[in-house]
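Chains, contacts and geometry: an overview
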Amino acid sequence: MTAVQDLRSWNRLVALAAQERISRPASMRLDTGGLLMDFSRQRIDQDIIDALIALAQESDLPSAIEDLFEGATVNASERRAALHTAIRAPHHERPDGVADVIEAEQARMLDVARHVREGDWRGATGKPFSTVVHIGIGGSRLGPELVVNALGGDFDIRFLSNVDGNAAIRAFADLDPNETLIVVASKSFGTLETLTNARYARSWLLERTGDENAVARHFVAVTANIEAARRFGIPADRCLPIWDWIGGRYSLWSAVGLPIAIALGETGFRELLGGAHHMDHHFRTSPSAQNLPLMLALLGIWNNNFLDASTHAVLVYDHRLAILPQFLQQLEMESSGKSVTNDGSPSRIDTAPVIWGGEETDGQHAFHQLLHQGTRAFSADFVAVANPGHDLADQHRWLLANCLGQGEALLTGAPSPADAPHQAVAGNHPSTTLLLDRLDSRRLGMLIALYEHKVFCQSVIWGINPFDQWGVELGKQLARRVYDALGVSTDDTIDESTASLVDVLKSYRR
Ligand code: F6P
């Protein structure tokens, strides 16, 4: 297979980038279903767009997209399909072999959510649940938290992920154990943080209720490892399965989305899936130049690989979407932070940029200074919602004005007055503006699926596997050794600087 940097279109792009063209089209926008993507603030012109689209074709992206939807083994290192699109497809569009199991398990999950919402499922003392503590980390937390935070709903849902005891204590501090349902979401049911927090939750519950049977009534597991969940003490009829063909960061559509279904109810959850499916259909069927995920991916590649933008800021102008930068950090960096290509050779081009970002005007008063006058190249996505869902019209007008104003400043910059060079703002920083007409389940589903497919397109062009994450394993193994060393054991295989820090910590903790 030809390496991407040897493709004709890639070299055409190298040549175009060297020309430092600055002509920008006045208007470049695409929209579907209430989501508009404006990329008139990118550093592109029609020749560049044509070359980027040629790159997608030369990389065989159209057939890779079919492979994804049809359930081919797109995750080669783990020999798995990645069928998150099947979960949100109507039954008749799902690939054979997974259609029925998805239907059955989705119905079961929604049933659990309904029982909790309607108070038919009760705690050990017969009280209905008023709070859900969702324990999970990474993909087993960020997707559900993003959605619940964005759309609210009518249930108190809390998220606990970190292994920090302060977080665990705070999450449970003011809760009534008799009214608390604990969801343990872990695909592997082997993740240190999740199991540690689940054990804390179990002791918290048992100490306060004094009832050995409370675990069976107050815990639900969402996992691909039902046996481990049962060993923990959660009965099989309280374990909701997920499948190995759903990656963690693509799992909010599965039973991992239980807190979403509890917060929003079945209708809201199905609308979320419906919005994602709308984007799936758009992605699979739209021509390249009209295809939102593909164009978002290509713009990212242009900025990252040809304009040296090694970081990408996600600037969210809607408080309800505050978790989006974090969610995208995992989605993009865990998927595409790779340096080995699919044929096992080292990548000779850059893959994922650093994804970072923040929330609305808070960011303007903190890190935007660097965006306007710093020395490094970057790109940005602005995300805003036209109708805010509240009636503070003037505040919302200010918010939107700031969003558009920041994008304009990044684009145009401003020369400095003759006597004040420190006031110069260079501009010429590329950004895309994503506008939702309003924020609801459907549109949020579309927005998330848009980014999922962006990541997929980029991975195909970069020649990497976006569905594995082997890089995180080493740190996990080393933490286990250090954990032992922080106790009584001595381990001379630990490197010297780590060992000396262990000694310092031990002396402080004595
Ligand atoms: O450490 C990375 C990771 O494996 C993520 O990919 C995943 O979302 C997270 O940990 C949680 O994994 P699990 O759902 O198995 O607990």
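Summary of the structure given here. All values reported here derive from a predicted model rather than from experimental measurement.

Thresholds applied
Counting of residues starts from 1 at the beginning of each chain's written sequence and follows it residue by residue. This being a predicted model, a pLDDT of at least 70 is required before a residue's local features are given, and a value of 80 or more before pairs of side-chain atoms are given or counted; all residues contribute to the totals for chains, interfaces and linings. To get the side-chain values, take all heavy atoms of the structure and skip hydrogens and water. What counts as a helix is a DSSP run of H or I of at least four residues, what counts as a strand is a run of E of at least two, and both are numbered from the N terminus. A radius of gyration in this sense is built from C-alpha atoms; the matching globule rule multiplies 2.2 Å by the number of residues raised to 0.38. Contacts are assigned to residue pairs that have any heavy atoms within 4.5 Å of one another. For every accessible area listed, the method is Shrake-Rupley and the probe measures 1.4 Å; residues are considered covered only by the protein chains on display. By the counting scheme adopted, Arg and Lys are positive, Glu and Asp are negative, and His together with the chain ends is not counted. For charged residues, the charge sits on one atom: NZ in Lys, CZ in Arg, CG in Asp, CD in Glu. Two strands qualify as a pair provided that DSSP identifies no fewer than 2 bridges between them. Each axis is a line fitted through C-alpha atoms, and for a helix only the stretch in contact is used; angles between axes span 0 to 180 degrees, taken between their N-to-C directions. In this description, a nonpolar core means a group of buried Ala, Val, Leu, Ile, Met, Phe, Trp, Tyr and Cys residues linked to one another through side-chain atoms lying within 4.5 Å. When a residue's accessible area, from a 1.4 Å probe over protein chains only, is under 20% of the maximum for its type it is buried; when over 50% it is exposed; and in between it is partly exposed. Crossings are assigned a handedness: left-handed for a near helix turned anticlockwise from the far helix by less than a right angle, right-handed for a clockwise turn. Note on residue categories: nonpolar means Ala, Val, Leu, Ile, Met, Phe, Trp, Tyr, Cys or Pro, charged means Asp, Glu, Lys or Arg, and polar means any other residue, Gly included.

This part covers the overall build of the protein. For the protein, the helix and strand inventory stands at 19 helices and 11 strands. In summary, the protein has a C-alpha radius of gyration of 24 Å against a globular reference of 24 Å for 510 residues, a match within 12%. Principal axes of the C-alpha set define a box for the protein whose edges measure 75 × 60 × 55 Å. For the protein, the share of sequence-separated contacts (at least 6 apart) that also reach a separation of at least 24 residues comes to 73%. As presented, the protein carries roughly 22,700 Å² of accessible surface, and 50% of it is formed by carbon and sulfur atoms. With 45 positive and 63 negative side-chain charges, the protein shows a spacing of 3 Å between the two charge centroids.

With respect to topology, six strands assemble into an open sheet ordered E1-E2-E11-E10-E8-E9, the strand pairing being mixed. Every interior strand has two partners, whereas the edge strands, strand E1 (29-32) and strand E9 (354-359), have only one. Direction aside, neighbouring strands of the sheet carry axes that sit 15° apart on average. Examined bridge by bridge, strand E8 (residues 311-317) and strand E10 (residues 378-387) share seven bridges and lie parallel to one another. Residue pairing in the sheet places Val314 in a bridge with Asp381 of E10. Sheet strands touched by helix H12 (residues 292-306): E1, strand E2 (35-38), E10 and strand E11 (431-438). Its angle to E2, the strand with the most contacts, is close to 30°.

Moving on: the nonpolar core. Trp302, Leu321, Leu324, Leu444 and Leu447 are the most contacted members of the largest nonpolar core, which has 117 residues in total. No other element matches helix H17 (residues 441-462), which puts 13 residues into this core. Apart from the residues lying within four places of it in its own chain, the contact partners of Leu321 are Ala150, Val316, Val383, Val385, Leu439, Leu444 and Leu447. Val184, Trp204, Ala214 and Ala229 belong to the second-largest nonpolar core, a separate cluster that totals 24 residues.

What follows deals with the pairing of E1. Burial of the side chains of E1 is restricted to one face: Leu30 and Thr32 are buried, whereas none of Arg29 and Asp31 on the reverse face is. Both E1 and E2 contribute to a ladder of four bridges, which runs antiparallel. In the sheet register, Arg29 faces E2, and the bridge partner there is Asp38. With antiparallel pairing between neighbouring strands as the criterion, E1 and E2 make up a hairpin whose turn holds two residues, including Gly33 at a positive phi of roughly 55°.

Bringing the packing of helix H6 (residues 142-151) against H17 into the picture now. Between H6 and H17, whose axes approach to 11 Å, the crossing angle comes to 145°. Where H6 crosses over H17, the two elements pack in a sense that is right-handed. Residues Leu146, Val147, Ala150 and Leu151 of H6 form the contact with H17, whose participating residues are Ser441, Leu444 and Ile448. The class makeup of the residues in the contact of H6 with H17 is six nonpolar, one polar and no charged.

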